[in-house]
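This is what each chain is made of:
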Amino acid sequence: MAEQKIIPPPPKMVTFSLTIEEGEQAKLMAFMSADSWERAEEVRNASIQECTKSLKHCVMWAQRDCGSSRVFAQFLASLYNGYRVKADVSDIGTLDPENFEHLMNALRLCYMTQREPHTFVDNGSEVFEGIISQWNMEKKLNG
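Bear in mind the structure is a predicted one, so any value in this text is a computation, not a measurement.

Now, about a nonpolar patch on the surface: what can you tell me, with residues and values included?
On the surface, Phe16, Leu18 and Ile20 cluster together into a nonpolar patch covering about 320 Å² of accessible area. Considering the arrangement of structural elements, one finds Leu18 in the segment before helix H1 (25-33). On the accessibility criterion, Leu18 (49% relative accessible area) is partly exposed.

How would you explain empty space enclosed by the protein if you had to name every residue and give the values?
Any empty space left between atoms is shown by rolling a water-sized probe over those atoms. Counting across every chain of the model gives 1 cavity of 30 Å³ or more. In this structure, the largest cavity is lined by Val71, Gln74, Phe75, Ala87, Asp88, Val89, Asp91 and Ile92. Of the residues in the lining of the largest cavity, the class split is 5 nonpolar, 1 polar and 2 charged.

Kindly report on the layout of surface pockets, identifying the contributing residues and their values.
One number sums up the size of the largest pocket: a volume of about 150 Å³. Every residue lining the largest pocket is listed: Phe31, Met32, Ala34, Ser36, Trp37, Glu38 and Pro97. Within the residue set of the lining of the largest pocket, elements represented by two or more residues are H1 and helix H2 (36-44). Ranked by residue count, the leading element in the lining of the largest pocket is H2, at 3 residues. Residue classes in the lining of the largest pocket are distributed as 5 nonpolar, 1 polar and 1 charged.

Hey, could you go over the nonpolar core for me, with residue numbers and the actual values?
Core analysis: the biggest nonpolar cluster contains 28 residues, and Leu76, Leu103, Ile131 and Met137 have the highest contact counts within it. Listed by contribution, the elements that provide at least two residues to this core are helix H3 (48-62), helix H4 (69-80), helix H5 (97-113) and helix H6 (124-134). Per-element accounting of this core gives the leading share, 7 residues, to H4. Residues within four places of Leu103 in sequence aside, it is in contact with Cys58, Phe72, Phe75, Ile92 and Leu95.

Requested: an account of unusual backbone geometry, with residues and values cited.
Most peptide bonds are trans, and most residues other than glycine sit at a negative phi. One non-glycine residue, Gln114, adopts positive backbone phi at about 55°. Looking at Gln114, the relative accessible area reads 64%, which means it is exposed.

Reading guide: rules and limits
Residues numbered from 1 in each chain as written. Predicted model: local features only at pLDDT ≥ 70, side-chain atom pairs only at ≥ 80, totals over all residues. Heavy atoms only, no water. Patch = residues over 30% accessible without salt bridge, like charges linked within 9 Å, V, L, I, M, F, W, Y side chains within 5 Å. Areas by Shrake-Rupley, 256 points an atom, 1.4 Å probe, with all protein chains shown as cover. Salt bridge = Lys/Arg side-chain N within 4 Å of Asp/Glu carboxyl O. Helix = DSSP H or I, 4+ residues; strand = E, 2+ residues; numbered from the N terminus. Buried < 20%, exposed > 50% of the residue type's maximum accessible area, 1.4 Å probe, protein only. 1 Å grid on protein atoms, 1.4 Å probe; cavity = no way out; pocket = protein on both sides within 12 Å on 5 of 7 lines; lining within 4 Å. Points joined across faces, edges and corners; volume = space filled by probe spheres on them. Nonpolar A, V, L, I, M, F, W, Y, C, P; charged D, E, K, R; others polar. Core = buried A, V, L, I, M, F, W, Y, C linked by side-chain atoms within 4.5 Å. Contact = heavy atoms within 4.5 Å.

Shown next, in the form of structure tokens:
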């Protein structure tokens, strides 16, 4: 008896119309062929273990001195001690979709477990205090 192959149905397609400036087609095609949405979707559907990896990803970025590092540092420092450090949450919009989801997973992790972020990192208090110090984020008290 011959083996039967099951052929899956073709994906359902949607048609829409888009008007863009002349010369922007290459940019649109680059965006459409990029996998940033798919990478972000993977991060969005994370388990607690994966959220812990996301938190560590954020800590790594917060300890660097480049691009989005300050966004990560402010967010994590505020999550660690919101009385001392206030994050400008509007800066989160500057992150790419994947890093945004890592940041949200760090928040999800702390929310789901009711634990502070430093408890998921070896020498967490030292690490988070180092981030606050590195970025000079200590809140100045009015005297």
